[in-house]
Amino acid sequence: MTKQKLIIKNSFLERYKKLTNYDKFMEYSLKFPKRSIRVNTIKISVNELKKRLEKEWKLTQIPWCNEGFWIEGIRRDIGNLIEHRLGYIYIQEPASMIPPIVLEPTSNDLILDIAASPGSKTTQIASMMKNKGLIVANDVDYTRIKALSINLQRCGVANTIITLMHGASFRNFKFDKILLDAPCSGTGTIRKSLKTLQMYNPKMVIRLSNLQKKLISATFENLKEKGTLVYSTCSLEPEENESVIDFLLNKYKNAKLEKIKLKLKSSEPIIKFENSEYSKEILKCLRLWPQDNDTDGFFVAKIKKL
């Protein structure tokens, strides 16, 4: 395997020195990621899965997810485990498990997962719904739809239909709950690939922010009254996170943020940076730096429609 070269652009360096403790951020961003899994309770209980693995693997509970575990053993190829092939487990990053938990899906809900592929959060939502209710799992890219379909089948998900369309094209639909895990720059996932650093471009961040604002407007308009919208990214850019939520609050007076309370360490959302200042309501959102919990960086907002 060719070793990836570490390239840090000046634009990234200067920006992130202003945003956080840069040395600590890079220390954790360049650490080898810990392996983690989520038990797919559609097919197996947590206790049954633990019994199957406990002889060869050490499982450590992820505090904010009852079905989530860090996994350690003599092997790292968890994807080759029979339990993975049978759909008993889903290999999922711990911070990625947060948005479905914040969404709080129930068995009676009609839910839209607007950027669903490859299906980690869709399968988690289906499991939380006990495979009941209905999920519309959408993506814009046909090649990504194939991965989504394979994972839904592997995990035994039966309450989901797949759609192929641009997220901003949904019209005249009303959902109880919507998850918008938005396309983003991925600056919270450097530990997965150094290409994130190589590709970093401030202009790209602005383009993505504009797309995210279109998507969050479309999803909010497709939400029922008293419905819940969860917005998340694996980006650490204020333009892709706090700025998008501030935009929504200013555009829709019936959008209200709810405080997110989970068993984890989090950092305060950024409400003032460079020439931008955002609503203090955004302090209710969840901002996770890699150094907070030794996970990917993540941003999550929970919005209610009044």
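Reading guide: rules and limits
Residues numbered from 1 in each chain as written. Predicted model: local features only at pLDDT ≥ 70, side-chain atom pairs only at ≥ 80, totals over all residues. Heavy atoms only, no water. Core = buried A, V, L, I, M, F, W, Y, C linked by side-chain atoms within 4.5 Å. Buried < 20%, exposed > 50% of the residue type's maximum accessible area, 1.4 Å probe, protein only. Helix = DSSP H or I, 4+ residues; strand = E, 2+ residues; numbered from the N terminus. Contact = heavy atoms within 4.5 Å. Phe/Tyr/Trp six-rings, centres within 6.5 Å; stacked < 30°, edge-to-face > 60°. Patch = residues over 30% accessible without salt bridge, like charges linked within 9 Å, V, L, I, M, F, W, Y side chains within 5 Å. Areas by Shrake-Rupley, 256 points an atom, 1.4 Å probe, with all protein chains shown as cover. Salt bridge = Lys/Arg side-chain N within 4 Å of Asp/Glu carboxyl O. Pairing = 2+ DSSP bridges. Right-handed = clockwise from strand over helix to strand, strands pointing away. Polar contact = N/O pair within 3.5 Å; in protein donor to acceptor, adjacent residues only side chain to side chain. Expected span 1.5 Å × (residues − 1).

### What about the nonpolar core?
- Among the nonpolar cores identified, the biggest contains 32 residues, and Trp64, Ile98, Ile125, Leu286, Leu288 and Val300 are the most heavily contacted of them.
- Those elements that place two or more of their residues in this core are α5 (98–103), α6 (120–128), β6 (134–139), α7 (142–154), β13 (286–288) and β14 (298–305).
- Per element, the largest residue contribution to this core is 4 residues, and it comes from α5.
- Discounting residues that sit within four places of it in the chain, Leu286 has contacts with Ile98, Ile260, Leu262, Leu264, Ser266, Phe298, Phe299 and Val300.
- Membership of the second largest hydrophobic core comes to 31 residues, among which are Leu223, Leu248, Ile271 and Phe299.

### Brief notes about the packing of aromatic side chains
- Counted by the stated rule, this structure contains 11 aromatic pairs.
- When the ring of Tyr16 is compared with that of Phe25, the centres are 5.3 Å apart and the planes differ by 15 degrees; the resulting orientation is stacked. An identical accessibility class is assigned to Tyr16 and Phe25; each is buried.
- Judged by centre distance (6.2 Å) and plane angle (85 degrees), the ring pair of Tyr16 and Trp289 falls under edge-to-face.

### With respect to a nonpolar patch on the surface
- On the surface, Leu6, Ile8 and Leu30 cluster together to form a nonpolar patch covering roughly 230 Å² of accessible area.
- As for its position among the elements, Leu30 is in the loop between α2 (22–29) and β1 (36–39).

### Concerning the pairing of strand β5 (residues 110–113)
- Across 4 bridges, β5 lies against β6 in parallel orientation. Looking at the pairing, Asp113 lines up with Ala137 of β6.
- The parallel pair β5 and β6 is bridged by α6, and the resulting crossover is right-handed.
- With 3 bridges connecting them, β5 and strand β8 (residues 175–181) associate as parallel partners. Bridge assignment links Ile111 to a residue of β8, and that residue is Lys177.

### Thoughts on the side chain of Gln92
- Position of Gln92 relative to the elements: it lies in the loop between β4 (89–91) and α5.
- There is a polar contact of 3.3 Å between the side chain of Gln92 and the side chain of Ser96.
- Here the side chain of Gln92 touches Gln124 through a polar contact of 3.1 Å, side chain to side chain.
- Leaving out residues up to four positions away in the same chain, Gln92 has contacts with Ser36, Ile37, Arg38, Met97, Ser120, Lys121 and Gln124.

### With respect to α7
- The end-to-end C-alpha distance of α7, which contains 13 residues, comes to 19 Å, matching closely the 18 Å that a straight helix rising 1.5 Å per residue would cover.
- Tucked into the core, α7 has its buried residues touching α4 (82–85), β4, α6, β6 and β7 (160–164).
- At the exit of α7 stands Gly156, carrying a positive phi of roughly 70 degrees.

Interpretation note: all reported values are geometric properties and have no functional meaning in isolation.
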